[in-house]
Amino acid sequence: MSAQPTLAALRGFHCEHTPSKSRILALVHHREGPASLQAVLTCRHPELAQQAVGILQQAIGSSAGAWKPEPLEKLCAQLPDAPASSLRSAARHALAGVWPMPPGSFLKWEQIANDVDDDSVEDDADAVTRAVRTPNDARLADLAGPVIRVEVLREFHVHDQQSVLKAARSAGWEPQPNDDPEGDDPQDLVGAVMWLGESDSEIEGADTVTDTSQGMRLRTENGHEVADWSEEAVVADFGAGWRYSAAVRRDEPATPSTREQSPDFAALFATEAPHCDDPECEDERCQWQLTPRTADILYTELCVLADQAYDDSEELGDRPVVPDEHDGHWGVFAYLPKLTFAADLQWRRQFARAADDLAGDLERGQWPEPTCTAEELALHLAIRDAGDRGDEDDATGDHGRLPTHRDDYDFDMCSEVFFQDTDVLMLYNSRFDGIEDPDGETNQHMGIGDLRAAAWFEPFLNVQARDPHRGFRR
């Protein structure tokens, strides 16, 4: 396995011109050593190199809605294949704001001799700039601009320890001295995973279990302080896990608002035995079927989602969702895209009804068919929770008495066949901020439509709309 690259922060692009060629260089900063220049590409025409730098500078930190790829492609058409490919790759890194640096391509702090006089090698202008921008010993009140704290939670299941240790060594990691041979980590596996976990690449020998983060702005008026000056330990609260929360809700006694009796899914979704065991068979009986057990679990999750949304609507009212305050406390609305956080009580009740409407489809023996954006996202959430639940109730209660079928609990196929597209999921990606606006260039180019919160309940034009006078279950 090749060594894992270090991801450095990308600060800008610059040109170096000589009589015979021009080079484009990326200025990158990383915590393992001093800033450095990394080669991007070489071309013979200085004017094309300068155009490339201008395009790459625009790409740094741009959102998907603001980025226009046409100038990039026009310039690539004027370059040979190799530099054109390098330019496209650099643009992707610029949009992400990071630059991969293979081991050996940068200097680490420990490689710099301890007895070197810093004053003799440090550029005075750089020193002044750093002192003005972010003094090393500054407290929160000393900093003029906003300070953002990002807390990251990553968990890895190591299924092949030796592969992980080998990959870490290949990436330049060295284990800490083993001072406690009888301890539970004599090979410093934790250190190896931490080393490899700094990259976004997959870890050979380990699977990612959890990868989430949260951010907050530090404010002196709220008693915040930067970590190095904090009088108390910095503690991150990611709240209860959504899988645990969903399991607790399922185990709670039914309330009067919950449907009292489950539909007869064995009759509503009667299945046929497959024609054969060939996965490529095109006989109708061998095609995927929505089975009674799959429908039952999906129906349950939609009911749970609706009840939770009604409950949270009543408690939250018209108040906006504040992630720092509400993460882990609101079962539904803190986990919707951030553009919905300012929604009011009526909007939230309509979202709860959207989950009810989809459950009603199943009650009538129909596949759940989203008729608006809110129903699409409600169905995505229900399928997510249903997939986590899977066949855990196979042998219990009414569910255990439903007929079995080879297509039971195939929620990946549910995701594939129940939706016209998955555009609504792009709202979770900050890279696509602004894409919800139907007047935006990227939105129009991709034919996405209006994904603004106010339009979430407008019916799609190619499906039958719900009865506008149907009311609410509670």
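This write-up is about the structure you can find in this document. Here the residue numbers are simple positions, counted from 1 along each chain's written sequence. In view of the model being predicted, local features appear only for residues whose pLDDT reaches at least 70, and side-chain atom pairs are presented and counted only at 80 or more, with totals across whole chains, interfaces and linings using the full set of residues. Side-chain measures were taken over the full set of non-hydrogen atoms in the model, leaving aside hydrogen atoms and water.

This next bit is on the overall build of the chain. Of regular secondary structure, the chain possesses 16 helices and six strands. Only protein chains enter the accessibility calculation, which uses a 1.4 Å probe. A residue is then buried if its area is under 20% of the maximum for its type, exposed if over 50%, and partly exposed in between. Counting across all 474 residues of the chain, residues that qualify as buried make up 38%. Only heavy atoms matter for contacts: two residues are in contact if any of them lie within 4.5 Å across the pair. Pairs at least 24 apart in sequence give 71% of the contacts found in the chain among residues at least 6 apart. Entry remark: accessible area of the chain is about 27,700 Å², with carbon and sulfur atoms responsible for 48%. Only DSSP runs of H or I reaching four residues or more are called helices, and only runs of E reaching two or more are called strands; each is numbered from the N terminus. Values of accessible area rely on a 1.4 Å probe in the Shrake-Rupley scheme; residue burial ignores everything except the protein chains shown.

This brings us to empty space enclosed by the protein. Buried and open spaces are told apart on a 1 Å grid over the protein atoms alone, a cavity being a set of points where a 1.4 Å probe fits but cannot get out and a pocket being an open set with protein on both sides within 12 Å along at least five of seven lines. Residues with an atom within 4 Å of a point are the lining residues. Grid points are joined across faces, edges and corners, and a volume is the space filled by probe spheres set on the points. Scanning the entire structure with this criterion turns up one cavity of 30 Å³ or more. Lining the largest cavity are I24, L41, C43, L48, A49, A52, L75 and L79. For the lining of the largest cavity, the secondary-structure elements that each account for two or more residues are β3 (33–43) and α1 (46–59). The leading source of residues in the lining of the largest cavity is α1, at three residues. Taken together, the residues that form the lining of the largest cavity break down as eight nonpolar, no polar and no charged. Classification convention: Asp, Glu, Lys, Arg as charged; Ala, Val, Leu, Ile, Met, Phe, Trp, Tyr, Cys, Pro as nonpolar; all other residues, Gly among them, as polar.

Okay, the pattern of salt bridges next. Think of a salt bridge as a Lys or Arg side-chain nitrogen and an Asp or Glu carboxyl oxygen that are within 4 Å of each other. Inspection of every chain in the model, using the stated rule, returns 16 salt bridges. Between D357 and R470 there is a salt bridge, and its shortest N-O distance comes to 3.0 Å. Here the residue D357 occupies a position in helix α12 (residues 345–363), and R470 occupies one in the segment after α16 (441–446), the gap between them amounting to 113 residues. The class for R470 is partly exposed, based on a relative accessible area of 33%. Residues D361 and R466 are paired through a salt bridge, measuring 2.8 Å at the closest nitrogen-oxygen approach. Taken together, the positions of D361 in helix α12 and R466 in the segment after α16 put the pair 105 residues apart, joining distant regions of the chain. The exposure class of D361 is buried, given its relative accessible area of 3%. Through salt bridges with shared partners, a single ionic network connects D307, D311, E314, D356, R473 and R474.

Below, the discussion takes up a nonpolar patch on the surface. Patches here are clusters of residues that have more than 30% relative accessible area and form no salt bridge, with a 9 Å joining cutoff for like charges and a 5 Å cutoff for nonpolar side chains (Val, Leu, Ile, Met, Phe, Trp, Tyr). Together, I148, V150 and V152 make up an exposed nonpolar region whose accessible area comes to about 290 Å². Tracing the backbone through its elements, the reader meets V152 in strand β5 (residues 147–158). Assessed through its relative accessible area of 52%, V152 is described here as exposed.

Bringing the packing of aromatic side chains into the picture now. Stacked, tilted and edge-to-face are the three classes assigned to paired rings of Phe, Tyr and Trp, where Trp is represented by its six-membered ring and a pair needs centres within 6.5 Å; plane angles under 30 degrees give stacked, over 60 edge-to-face, the rest tilted. Considering all chains together, one arrives at ten aromatic pairs under this definition. Chaining the aromatic ring pairs together yields one cluster made of F333, W347, F351, W456 and F457. The rule for a charge over a ring is simple: NZ of Lys or CZ of Arg within 6 Å of the ring centre, and within 35 degrees of the ring normal. Directly above the aromatic system of F472 lies the positively charged group of R353, at a separation of 4.2 Å from the ring centroid.

What follows covers the packing of helix α10 (residues 292–316) against α12. Orientation is described by lines fitted to C-alpha atoms, with helices fitted over the stretch in contact, and by angles between N-to-C directions that extend from 0 to 180 degrees. Interaxial distance between α10 and α12 falls to 8 Å at its minimum, and their mutual angle equals 165°. It follows from the interaxial angle that α10 and α12 lie roughly antiparallel. Considering the relative orientation of α10 and α12, their crossing is left-handed. Here A295, L298, Y299, L302, C303, L305, A306, A309, Y310, S313, E314 and L316 of α10 lie close against α12, whose contacting residues are L345, R348, R349, A352, R353, A355, D356, L358, A359, L362 and E363. For classification purposes, an angle smaller than 35 degrees is called roughly parallel, one larger than 145 roughly antiparallel, one from 65 to 115 roughly perpendicular, and anything else oblique. Take the far helix as the reference: if the near one is turned anticlockwise from it by less than a right angle, the crossing is left-handed, and if turned clockwise, right-handed.

What follows is about the packing of helix α6 (residues 161–170) against helix α7 (residues 189–197). Where α6 meets α7, the closest approach of the two axes is 9 Å, and the angle between their N-to-C directions is 55°. Taken together, α6 and α7 sit at an angle that is classed as oblique. Seen from above, α6 lies across α7 with left-handed handedness. Along its contact with α6, which presents Q161, V164, L165, A167 and A168, the element α7 presents L189, A192, V193, W195 and L196. For the contact of α6 with α7, the residue count by class is nine nonpolar, one polar and no charged.

This part covers unusual backbone geometry. Although it is not a glycine, D188 adopts a positive phi angle of roughly 55°. Positive phi is not limited to glycine here, since Y409 has a value of about 65°. The topology assignment puts Y409 in the loop between α14 (397–400) and α15 (411–417).

Regarding α7, the residues found buried are L189, G191, A192, V193, L196 and G197. Buried residues along α7 sit against β5 and α6.

As a further point, take the side chain of R349. Position of R349 among the secondary structure elements: in helix α12. We score Asp and Glu as negative and Lys and Arg as positive, and we do not count His or the chain ends. The charged side chain of R349 is buried without a salt bridge, its nearest counter-charge being E314 at 5.1 Å.

Attention shifts here to the side chain of T340. Tracing the sequence through the fold places T340 in the loop between α11 (323–326) and α12. A 3.5 Å cut-off defines polar contacts: any pair of N or O atoms within that distance qualifies, except that in protein one atom must be a possible hydrogen donor and the other a possible acceptor, and neighbouring residues in sequence count only when both atoms are side-chain atoms. A distance of 2.8 Å separates a polar side-chain atom of T340 from the backbone oxygen of P337.

Let us now look at helix α3 (residues 81–96). To estimate the expected span of a helix, count its residues, drop one, and scale the result by 1.5 Å. The end-to-end C-alpha distance of α3, which contains 16 residues, comes to 23 Å, matching closely the 22 Å that a straight helix rising 1.5 Å per residue would cover. Among all positions in α3, only P83, A84, L87, A90, A91, A94 and L95 are buried. One face of α3 carries all of its buried residues, which in axial projection span an arc of 135°. In α3, the exposed positions that point more than 90 degrees away from the buried face belong to D81, A82 and R92. In this description, one arc is meant: the one made by directions from the helix axis to the C-beta atoms.

Honestly, that's just the spatial picture; any functional story needs more than this.
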